[in-house]
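Fold and contact review
One letter stands for each residue in the lines below.
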Amino acid sequence: MKPQSLYILSASGQWDNAVPSVRGIVAPAQSRRMGALLKRAIHHSMQALATSGIGDPDGIITATARGSMADTERFLTQLHLQQEEGLQPTPFMHSTHNTVSSQLAILLGCHGYNATWSDEGTSLATALLDAASLVDSGEADTLLVGQHDEFTPWTRLAAPHADADSDITPDITLAMVLSSRPAPGATRILRIDVGYGPDGIDGMLQEDAPSRIYKGHDLSAQMERYINGTLDTDPALPATAAFVSRHPSGRYSYLLLSRQVPKPAMPVYEVTGVDTVNAGCAIRLDADSELFKVHFPGNPILPGAMLLQTISHCAGLQWGAGDVKVKTLRFLQPVTPAHPYLTIAFQSAGPHDHRVTVSDCRGAVVAKGRIDTTPLPQPCSDSTQS
Amino acid sequence: MSRRPPIYVTGMGIVSSAGHDPASTLEALMRGRPLTAPSRHVETRLKTLPVGEVDMDNATMARLLGVESPVTHLRTALLGLWAARQAVDSASDSRGRTAFINGTTVGGMDNTERHFPVIYLDSTLAGDPRQMSYNDCGVVTRLIARHLDHKPHMLMTPSTACSSGANAIATGARLLQAGVVDTVVAGGAEALSRYHLNGFETLRILDRGTCRPFAADRAGINLGEGAAYLVMTTRRPSTRPLAVLEGWGNACDAYHQTATSAEAEGPVRAIRRALDMAGLTLDDISYINMHGTGTPLNDSSELTALSRLTTGTLPPYSSTKMYTGHTTSAAGAIEAVISILALNHDMMPGNAGTPGGDTQLVTRPVTGVRLNHVLSNSFGFGGNDTALVFSRQ
């Protein structure tokens, strides 16, 4: 389908099994019961929401090809070893596929639409199709959509022997905030097609003539980098990118995205000073910028993505652009052009590891985070065809 | 927004402990005797608990359906294929681009739990490790689709626990209205497994005897298994459709992973959304097929939800879970079929085994009452709550 008006405002994810902290988001007593999958989902969902500036989405849609495998294995192991005696309820309760969607809803107090899709390699595309039809029907304007999967020891053991039709899903954590309304830097979803059997992908590619085509079984990581503008550094891009997955099972998915770059003609900030000795920058927001007229009318707020970009920019002035990665960023207060002067200060916390603090002209800390300045290795080639 | 095209139900199929097709299911509902009994097919220590089990082993079912491995190992897929074929065969009209939307949560677990100890815990690979790749819910959907005569063009697998079947139907309707597909086969399938029997047992919500939803001394759930699907389209069929799906609503209780809140915020929102879409109030509803699992908490919060939606008396209501067991992910679809049977036969199933107290609780099957609109509720773990409104056409 071709959604009438659907944008991805932000994306946050990881593709390994590291367990981020959820301290400050969930109570320690709850956090102890949560598996790694759930912690990753919560961390990146909160990250994506903060960046989008949307705290209360109308609904939550989760894709999971395999579900909560670690809890499933835990309950299966107990079931076998204890011969159905004295079993603990928590692994069972957390093993249903809708656990992530449900826990996010509880955390956000979100009573709106809530769904979970489990469709092997096309799970994420299915969730996006659900989101698109929901927004088109007028049932929701903003949605938290993600894919959360874990690659457990059992999966590892079974993978080499899997049925030839199977998709073996790796560790995937991807959270995105979707909206029916555009925002500067948002990625528009132009087309979604999910199917089974003979596909019409070649025809769609011909019709859409995307500037880049990415092919593979799991393209979630490329999607995240495309949305965040780090997938392709070609300045002519981004125009449109197609993400094509054809699976041995006969399932396929096609996504056409278009990243809307904020026009340089409407600068939002200027760097008024750089202090390379104490590692910091002074910033002035342009209160007359077009951006503040649309984000949001009558209530100007600097989009989280823009603050992220500003920090990357300033850190790049210190350590060289391209070698800077904002690892975490907590938004503590909205940044508004009513207080246009910002200070971005970096403080060393280890080799290539720096704390970043953003304060406004009243001295209030508006955001805090960590950046990584490890020089990047030479970029390796993607499964990119153009 | 432009007017939404109506959603016609043109075919249906159902397999549960209450019957192997719509006709035998109707008969069982008319007879009104509880049908749950101890399991014969699940290897479990919980053998004495009554369940709603389909009285046929996998090999017999596979022979009946004329299918071969790997689908024969997966009871969820066998049950699903049986009901899906009935639905497609009975549909007067199923042309064009088709989506098969199959809600499940157990998925291939009945197969996985047989192979897991050998493959994983003994790590000898003495078993058949390939079996592990049939665990995912989406695999079950694909294996059912592979054996349907008309191959679906799109597969979707909602997994929202006990509302999966209802969400499959609601999503199907939304995709039809969006013009994504021309025909939808939507519902759910779930087999009994040692895994979820024991899981529900850890939550201490299984009744030792036959479940008694809405009874003052109710003591929990009887689990069940089965599958059911509806065939839906927006094209007016040449013959009279079975029903029209006039409204659907999905909301989240956002309260607890397994329990419903006392104030029933999720159920209230789901039911209100479905009624609003249908342009109806609760007072317009002729009969409610309740989620009514038989747990003290669910049944009281479901009644709270309904009383929050009307100032008058509730419409007549009953649960049918003493006939089918609580078929978890299939329940929303099985009860959608039961709701349509009620509409088509002017019949309200009785909430058997429960002494009357509330005058609106239908305790024995009632026939000869004209039903115009039937509400079907499905609430799941995770606070995933969905309501459907079916109307006479």
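Remember, predicted model here, so these are calculated numbers, not experimental data.

1. Re the overall build of chain A
In terms of helices and strands, chain A carries 11 helices and 16 strands. Computed over C-alpha atoms, the radius of gyration of chain A comes to 22 Å, within 12% of the 21 Å expected from 2.2 N^0.38 for 386 residues, which places it in the range of a compact globule. Among the 386 residues that make up chain A, the fraction classed as buried is 56%. Total accessible area on chain A stands at roughly 15,600 Å², and carbon and sulfur atoms take up 52% of it. Within chain A, one finds 28 positive and 38 negative side-chain charges whose respective centroids are separated by 7 Å.

2. Overview of the pattern of salt bridges
Note that side chains of opposite charge can pair when their charged atoms are close. Residue and element names in this part refer to chain A. Counted by the stated rule, this structure contains 31 salt bridges over all chains. A salt bridge links D119 to R251; its shortest N-O distance comes to 3.0 Å. Pair noted here: D119 is in the loop between β3 (113–117) and α6 (123–136) and R251 is in strand β9 (residues 251–259), with a separation of 132 residues, a long-range link. Among the residues examined, R251 registers a relative accessible area of 1% and is labelled buried.

3. Some details on the confidence of the model for chain B
For chain B, the average pLDDT comes to 94, and 97% of its residues sit at 70 or higher. At the level of chain-chain contacts, confidence expressed as ipTM amounts to 0.97, with global pTM at 0.85.

4. Remarks on the interface of chain B and chain A
Contact residues are listed per partner, giving 72 residues for chain B and 65 residues for chain A. Summing the contributions of chain B and of chain A, the shared interface buries around 5,900 Å²; its carbon and sulfur component is 58%. The largest per-residue losses of area from chain B upon contact with chain A belong to R174(B), Y195(B) and Q257(B), which jointly make up 13% of the total buried on that side. Applying the counting rule to chain B against chain A returns 7 salt bridges. Here E85(A) and R45(B) are joined by a salt bridge, their closest N and O atoms 3.8 Å apart. Our count for the contact surface shared by chain B and chain A stands at 27 residue pairs in polar contact (both at pLDDT 80 or more). Going through the elements one at a time, α4 (109–121), α5 (137–146), β5 (154–156), α6 (164–177), α7 (194–202), β8 (243–252) and α8 (265–278) of chain B are the ones with two or more residues in the side of chain B that touches chain A. At 8 residues, the largest contribution of residues to the side of chain B that touches chain A is made by α4(B). The residue makeup of the side of chain B that touches chain A, split by class, is 35 nonpolar, 22 polar and 15 charged.

5. Here's the deal with the sheet that holds β8(B)
Pairing between sheet strands relies on hydrogen bonds along the backbone, with the strands arranged either parallel or antiparallel. Residue and element names in this part refer to chain B. With mixed pairing, the 10 strands of this open sheet are ordered in space as β5-β4-β6-β7-β1-β8-β14-β13-β9-β10. Taken across any chain shown, the strands that pair with only one partner, and hence form the sheet edges, are β5 and β10 (317–318). As paired strands, strand β13 (residues 373–379) and strand β14 (residues 384–391) are joined by 7 bridges and run antiparallel to one another. Bridge pairing links H373 to S391 in β14. This element, helix α9 (residues 296–308), spans β9 (287–289), β10 and β13 of the sheet and lies at about 135° to β13.

6. With respect to the pairing of strand β14 (residues 353–360) of chain A
Residue and element names in this part refer to chain A. Counting buried residues in β14 gives 6 out of 8 residues, a clear majority hidden from the surface. One ladder, built from 8 bridges, connects strand β13 (residues 341–350) with β14; its direction is antiparallel. Looking at β14, one finds that S348 is bridged to H354. Bridge analysis of β14 against strand β15 (residues 365–372) gives 7 bridges, and the strand direction is antiparallel. In the sheet register, T357 faces β15, and the bridge partner there is K368. Following β14, the chain reverses through 4 residues before pairing antiparallel with β15; G363 in that reversal takes a positive phi of roughly 90°.

7. Some thoughts on the nonpolar core
Counting residues in hydrophobic clusters, the biggest one holds 88 residues, and the most contacted among them are L128(A), M176(A), L178(A), L230(B) and M232(B). Those residues in contact with L128(A), other than ones at most four positions away along the chain, are V145(A), M176(A), L178(A), I189(A), I192(A), M223(A) and L255(A). Counting 35 residues, the second-largest nonpolar core is a separate cluster that includes A87(B), V140(B), L143(B) and L148(B).

8. Side note on empty space enclosed by the protein
All told, the structure shown has 7 cavities of 30 Å³ or more when counted by the stated rule. A volume near 280 Å³ is recorded for the largest cavity. Lining the largest cavity are 23 residues, and of these T96(A), H97(A), T105(B), V106(B) and Y195(B) lie nearest its centre. Looking at the lining of the largest cavity, the elements that each hand over two or more residues are α3 (69–81) of chain A together with α7 of chain B. Element by element, the count of residues in the lining of the largest cavity is highest for α7(B), at 3 residues. Here the residues of the lining of the largest cavity sort into 11 nonpolar, 9 polar and 3 charged. The calculated volume of the second largest cavity comes to roughly 120 Å³. Lining the second largest cavity are 14 residues; nearest its centre among them are R66(A), I168(A), M132(B), S133(B) and D136(B). At 3 residues, helix α7 (residues 153–158) of chain A tops the list of elements feeding residues into the lining of the second largest cavity. Looking at the lining of the second largest cavity residue by residue, the classes come out as 7 nonpolar, 3 polar and 4 charged.

9. Focus on helix α2 (residues 58–65) of chain B
Residues and elements named next belong to chain B. Along α2, the positions that sit buried rather than exposed are N58, M61, A62 and L65. When α2 is viewed along its axis, its buried side chains cluster within an angular range of 100° and face the same direction. Set apart from the buried face of α2 by more than 90 degrees, the exposed residues are R63 and L64. Structurally, α2 contributes buried residues whose contacts are with α3 (75–90) and α4. Looking one or two residues past α2, G66 carries a phi angle of roughly 65°, positive in sign.

10. Observations concerning helix α9 (residues 220–227) of chain A
Residue and element names in this part refer to chain A. Where burial is concerned, most of α9 is hidden: 6 out of the 8 residues are buried. Burial in α9 covers these residues: S220, Q222, M223, E224, Y226 and I227. Two residues or fewer after α9 comes G229, characterised by a positive phi angle close to 75°.

11. A word on the pairing of strand β11 (residues 280–285) of chain A
In regular strands, side chains alternate between the two faces of the sheet. Residue and element names in this part refer to chain A. As defined by bridge partners, strand β10 (residues 269–275) adjoins β11 across 6 bridges and the pair is classed as antiparallel. The residue bridging Y269 from the neighbouring strand is L285, located in β11. Where β11 lies against β13, 5 bridges are found, and the strand directions are antiparallel. Paired with A282 across the bridge in β13 is T343.

12. Things to note about the sheet that holds β11(A)
Residues and elements named next belong to chain A. Judged by pairing direction, the sheet is antiparallel, and its 6 strands sit side by side in the order β10-β11-β13-β14-β15-β12 without closing on themselves. Of all strands in the sheet, those with a lone pairing partner are β10 and β12 (325–331), marking the two edges. Each strand of the sheet is rotated relative to its neighbour by a mean of 20°, with strand direction disregarded.

13. Some details on the packing of aromatic side chains
Think of a pair of aromatic rings as described by two things: how far the centres are apart, and how the planes are tilted against each other in angle. Following the criterion strictly, the structure yields 11 aromatic pairs over all chains and no others. The interplanar angle of 55° and the centroid separation of 6.0 Å between the aromatic rings of F92(A) and Y195(B) together place this pair among those described as tilted. With one member in each of two chains, F92(A) in helix α4 (residues 89–93) and Y195(B) in helix α7 form a pair that bridges those chains. With a centroid separation of 5.2 Å and 80° between ring planes, the pair formed by W319(A) and F346(A) is classed as edge-to-face.

Procedures and definitions
- Residues numbered from 1 in each chain as written.
- Chains lettered and ligands numbered in written order.
- Predicted model: local features only at pLDDT ≥ 70, side-chain atom pairs only at ≥ 80, totals over all residues.
- Heavy atoms only, no water.
- Helix = DSSP H or I, 4+ residues; strand = E, 2+ residues; numbered from the N terminus.
- Rg over C-alpha atoms; globule rule 2.2 N^0.38 Å.
- Buried < 20%, exposed > 50% of the residue type's maximum accessible area, 1.4 Å probe, protein only.
- Areas by Shrake-Rupley, 256 points an atom, 1.4 Å probe, with all protein chains shown as cover.
- Lys, Arg positive; Asp, Glu negative; His and termini not counted.
- Charge placed at Lys NZ, Arg CZ, Asp CG, Glu CD.
- Salt bridge = Lys/Arg side-chain N within 4 Å of Asp/Glu carboxyl O.
- pLDDT = per-residue confidence, 0-100.
- Contact = heavy atoms within 4.5 Å.
- Buried area = accessible area lost by both parts, 1.4 Å probe.
- Polar contact = N/O pair within 3.5 Å; in protein donor to acceptor, adjacent residues only side chain to side chain.
- Nonpolar A, V, L, I, M, F, W, Y, C, P; charged D, E, K, R; others polar.
- Pairing = 2+ DSSP bridges.
- Axes fitted to C-alpha atoms, helices over the stretch in contact; angles between N-to-C directions.
- Core = buried A, V, L, I, M, F, W, Y, C linked by side-chain atoms within 4.5 Å.
- 1 Å grid on protein atoms, 1.4 Å probe; cavity = no way out; pocket = protein on both sides within 12 Å on 5 of 7 lines; lining within 4 Å.
- Points joined across faces, edges and corners; volume = space filled by probe spheres on them.
- Arc of directions from axis to C-beta.
- Phe/Tyr/Trp six-rings, centres within 6.5 Å; stacked < 30°, edge-to-face > 60°.

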